[in-house]
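Summary of the model geometry
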Amino acid sequence: KAGVTQTPRYLIKTRGQQVTLSCSPISGHRSVSWYQQTPGQGLQFLFEYFSETQRNKGNFPGRFSGRQFSNSRSEMNVSTLELGDSALYLCASSGTSGGDTQYFGPGTRLTVL
Amino acid sequence: QKEVEQDPGPLSVPEGAIVSLNCTYSNSAFQYFMWYRQYSRKGPELLMYTYSSGNKEDGRFTAQVDKSSKYISLFIRDSQPSDSATYLCAMRTGNQFYFGTGTSLTVIP
């Protein structure tokens, strides 16, 4: 079974721009979560989508948004980029059964100049 | 107080040593417990997960959960240089996952 894929793997943007990241979960998984990882803060939860609906949301400003499509693929958008948005953005997918866990993609490394 | 506390290290051990990585938590509602390994500039990779108190073994890795003490551990036997990575503990309750900040491990040949 193919793993979680994320595109692009690397991005360089300038302040004020916006960016869209994409995630394709493991086949059959309906839950997709997004995390921001930085050296100082560790893994911070952004939001989770399940069957096209946002199910949980972390404590990030409204500049961070996401969506999920009917095929479970998900996109995350960050508008008006700031220098502090430079991070590794990770996507994780999980199934629906109890006891399931999350499987991570390789991440998209975003650098904001 | 954070939901999950993990000693950030760094931890440096000689090859062949037994490594013990630990996390404590405060939420008794956590039901599932996981350990991830993350190599530099890569995404976390699931190593082990369990939902009951006690030990679970997989090769050189043993995950231990003590729900009464709200404490989990990962033991690595016969550590190898390839084990050098950051190890993250994670816990789940319902649909929510909570992660430790990670422990950086270096195994010296």
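Up top is the structure.
Residues numbered from 1 in each chain as written. Chains lettered and ligands numbered in written order. Predicted model: local features only at pLDDT ≥ 70, side-chain atom pairs only at ≥ 80, totals over all residues. Heavy atoms only, no water.

Thoughts on the nonpolar core
For clarity, the cut-off: For the purposes of this section, nonpolar cores are sets of buried Ala, Val, Leu, Ile, Met, Phe, Trp, Tyr and Cys residues that join through side-chain atoms within 4.5 Å. Working definition: with a 1.4 Å probe on protein chains only, accessible area under 20% of the residue-type maximum means buried, over 50% means exposed, and in between means partly exposed. By the convention used here, residues are in contact when the closest approach between their heavy atoms is within 4.5 Å.
Counting residues in each nonpolar core, the largest one holds 24 residues, and the members touching the most others are W35, I72, L74, I76, Y87 and M91 of chain B. Other than its neighbours up to four places away in sequence, L74 of chain B contacts V19, S20, L21, W35, L47, M48, F61, T62, A63 and Y87 of chain B.

Side note on the side chain of Q37 of chain A
Operational definition: Strands are runs of DSSP state E lasting at least two residues, helices are runs of H or I lasting at least four, and both sets are numbered from the N terminus onward. What qualifies as a polar contact is a pair of N or O atoms within 3.5 Å, subject to a donor-acceptor requirement within protein and to the restriction that residues adjacent in sequence count only when both atoms come from side chains.
Topologically, Q37 of chain A is positioned in strand β4 (residues 31-38). Classification of Q37 of chain A as buried rests on a relative accessible area of 14%. Reaching out from Q37 of chain A, the side chain makes a polar contact with the side chain of Q38 of chain B at a distance of 2.7 Å.

Re the interface of chain A and chain B
Size of an interface: often given as the accessible area lost when the parts come together. Here is the rule we go by: Simply put, the buried area is the total loss of 1.4 Å probe accessible area from both parts when two parts are fitted together. Gly falls in the polar group here, along with every residue not listed as nonpolar (Ala, Val, Leu, Ile, Met, Phe, Trp, Tyr, Cys, Pro) or charged (Asp, Glu, Lys, Arg).
Of the residues lining the interface, 20 residues belong to chain A; the matching set on chain B comes to 16 residues. Of the roughly 1600 Å² buried between chain A and chain B, counting both surfaces, carbon and sulfur atoms make up 51%. Here chain A and chain B share four residue pairs in polar contact (both at pLDDT 80 or more) between them. When the residues that make up the side of chain A that touches chain B are grouped by side-chain class, the tally is seven nonpolar, eight polar and five charged.

Here we look at the pattern of salt bridges
Note the cut-off: Salt bridge, as used here: a side-chain nitrogen of Lys or Arg that lies within 4 Å of a carboxyl oxygen of Asp or Glu.
With the rule as written, the count across this model stands at eight salt bridges over all chains. For E82 of chain A, the salt bridge is made with R63 of chain A, and the minimal N-O distance between the two is 3.6 Å. Highlighted residues: E82 of chain A in the loop between β8 (74-78) and β9 (87-94) and R63 of chain A in the loop between β6 (53-57) and β7 (64-68), separated in sequence by 19 residues. Judged by relative accessible area, E82 of chain A falls into the partly exposed class, the value being 42%. Residue R77 of chain B pairs with E57 of chain B through a salt bridge whose shortest N-O separation is 3.4 Å. Of the two residues, R77 of chain B is situated in the loop between β8 (71-76) and β9 (85-93) and E57 of chain B in strand β6 (residues 54-58); the sequence distance between them amounts to 20 residues. Connected via shared salt-bridge partners are R63, E82 and D85 of chain A.

Everything listed is a geometric property; what it means functionally is a separate question.
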